[in-house]
Amino acid sequence: MQLYSYFRSSAAYRVRIALNLKGLSYEYMPVHLLKEGGQQRSAAYRALNPTALVPTLVDGDQVIGQSLAIIEYLDETHPAVPLLPATPAGRARVRALSLDIACDIHPLNNLRVLKYLKHAVKVEDAVKDEWYRHWVMEGLTAFEAALLASPQTGRFCHGDAPTMADACLVPQLYNARRLACDLSAFETILRIEQACEALPAFQLARPENQPDFEAPAAK
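Computed from a prediction, not measured in an experiment: that's the story for all the values here. (Residues numbered from 1 in each chain as written. Predicted model: local features only at pLDDT ≥ 70, side-chain atom pairs only at ≥ 80, totals over all residues. Heavy atoms only, no water.)

Enquirer: Now, about the UniProt feature "domain: GST N-terminal" (unreviewed entry) in the chain: what can you tell me, with residues and values included?
Expert: The UniProt feature table records "domain: GST N-terminal" (unreviewed entry) at residues 1–82. Segment residues 1–82 splits into 35% helix and 20% strand. End C-alpha atoms: 19 Å apart. (UniProt positions renumbered as here; feature names shortened; annotations may be inferred. Helix = DSSP H or I, 4+ residues; strand = E, 2+ residues; numbered from the N terminus.)

As structure tokens, this is what we get:
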């Protein structure tokens, strides 16, 4: 398998976690989202993934975009170490938690949205960063409440083994800290993150452990 990825993409980060949890080997195919006007916009990459987004998974003749679709594909084709629960109700809950992040938080602070705010809408960096923090904090506040409201929350988002929801949560927290979001109020989220980060699968997926990692420029 080949995974087209960018070290800082939280969507690609989710898939790296899933691959690692399942113990699946893959070739890392870097796509730099900033260099050369964004390598994801190249004709070669658009031919692979017309959305010009990462990640993209290539598995033989299968070419799959969208991180959650990739994770569910991996779960169906490699069912050992399941990332979705066995029951319909459990799967629905994990999907809902995953979508809370992938649909309601992440799109509002995606790179292309932030670039549009800066270059097309002409907002100042401080306003753009506040936009980011507002939507992250609003989304995580709801996520924390959902975790607290359910007896199915365990050591991880759902029970005592990591699921697709945890693979979505950890990358979102990583990027939230890059923009100085104050996460201290989210006790349940932080407890779950700590349990995740104790696992090698999550550690190996971290941006700084990817071959295309670039340290932040000094300010």
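Now that the structure has been shown, we can carry on.
Enquirer: So, the pattern of salt bridges: which residues are in play, and what are the values?
Expert: Here the idea is simple: oppositely charged side chains can pair when their charged atoms come close. Counted under the stated rule, the structure contains 7 salt bridges. One salt bridge connects R133 with E130, and the closest N-O pair in it is separated by 3.6 Å. Linking R133 with E130, this pair stays in helix α6 (residues 125–149), spanning 3 residues, or about one helical turn. (Salt bridge = Lys/Arg side-chain N within 4 Å of Asp/Glu carboxyl O.)

Enquirer: Please provide a residue-by-residue account of the environment of R155, values included.
Expert: Positionally, R155 belongs in the loop between α6 and α7 (164–178). It is 17 Å that separates the C-alpha atoms of R155 and Q203, two residues lying 48 residues apart in sequence. When residues no more than four places from it in sequence are discounted, the contact partners of R155 are D160, R191, I192 and A195. (Contact = heavy atoms within 4.5 Å.)

Enquirer: How would you sum up the environment of H134? Please name residues and give values.
Expert: By secondary structure assignment, the location of H134 is in helix α6. On the basis of relative accessibility, which here comes to 37%, the residue H134 falls in the partly exposed class. Along the backbone, H134 and C181 are 47 residues apart, and their C-alpha atoms lie at a distance of 8.9 Å. (Buried < 20%, exposed > 50% of the residue type's maximum accessible area, 1.4 Å probe, protein only.)

Enquirer: Now, about the sheet that holds strand β3 (residues 56–59): what can you tell me, with residues and values included?
Expert: Taken in spatial order, the 4 strands of this open sheet run β2-β1-β3-β4, and their pairing is mixed. Looking at the sheet topology across the chains shown, the edges are occupied by β2 (27–30) and β4 (62–65). Strand-to-strand twist in this sheet, taken as the mean axis angle between neighbours without regard to direction, amounts to 20°. As judged from the 4 bridges shared by β3 and β4, these two strands associate in the antiparallel manner. Across the sheet, residue L57 finds its bridge partner in β4, namely I64. Each of β1 (2–5) and β2 touches helix α1 (residues 10–21); the most contacted strand, β1, lies at about 150° to it. The strands touched by helix α3 (residues 67–77) are β3 and β4; relative to β4, the strand with the most contacts, the crossing angle is about 135°. (Pairing = 2+ DSSP bridges. Axes fitted to C-alpha atoms, helices over the stretch in contact; angles between N-to-C directions.)

Enquirer: Before we move on, could you go through the side chain of R14 and cite the residues and values that matter?
Expert: Within the secondary structure, R14 is located in helix α1. A distance of 2.8 Å separates polar atoms of two side chains, one belonging to R14 and the other to S67. Sequence-distant contacts of R14, that is, excluding residues within four places in its chain, are made with S67, L68, I71, I101, A102, H106, A167, C168 and P171. (Polar contact = N/O pair within 3.5 Å; in protein donor to acceptor, adjacent residues only side chain to side chain.)

Enquirer: So, the nonpolar core: which residues are in play, and what are the values?
Expert: Note on soluble globular proteins: their nonpolar side chains tend to be buried together. One finds I17, L74, L140, F143, C157, L169 and I189 to be the most contacted residues of the largest nonpolar core, which totals 51 residues. Among the secondary structure elements, those contributing two or more residues to this core are α1, α3, α4 (88–102), α5 (111–119), α6, α7, α8 (187–197) and α9 (200–205). In terms of residue count, the dominant contributor to this core is α7 (9 residues). Lining this core are residues from two domains, each supplying at least three of them: domain 1 (2–81) and domain 2 (88–204). Those residues in contact with I189 that sit more than four places away from it in its chain are L140, F143, E144, L147, L169 and L173. (Core = buried A, V, L, I, M, F, W, Y, C linked by side-chain atoms within 4.5 Å. Domains from an automatic or database assignment.)

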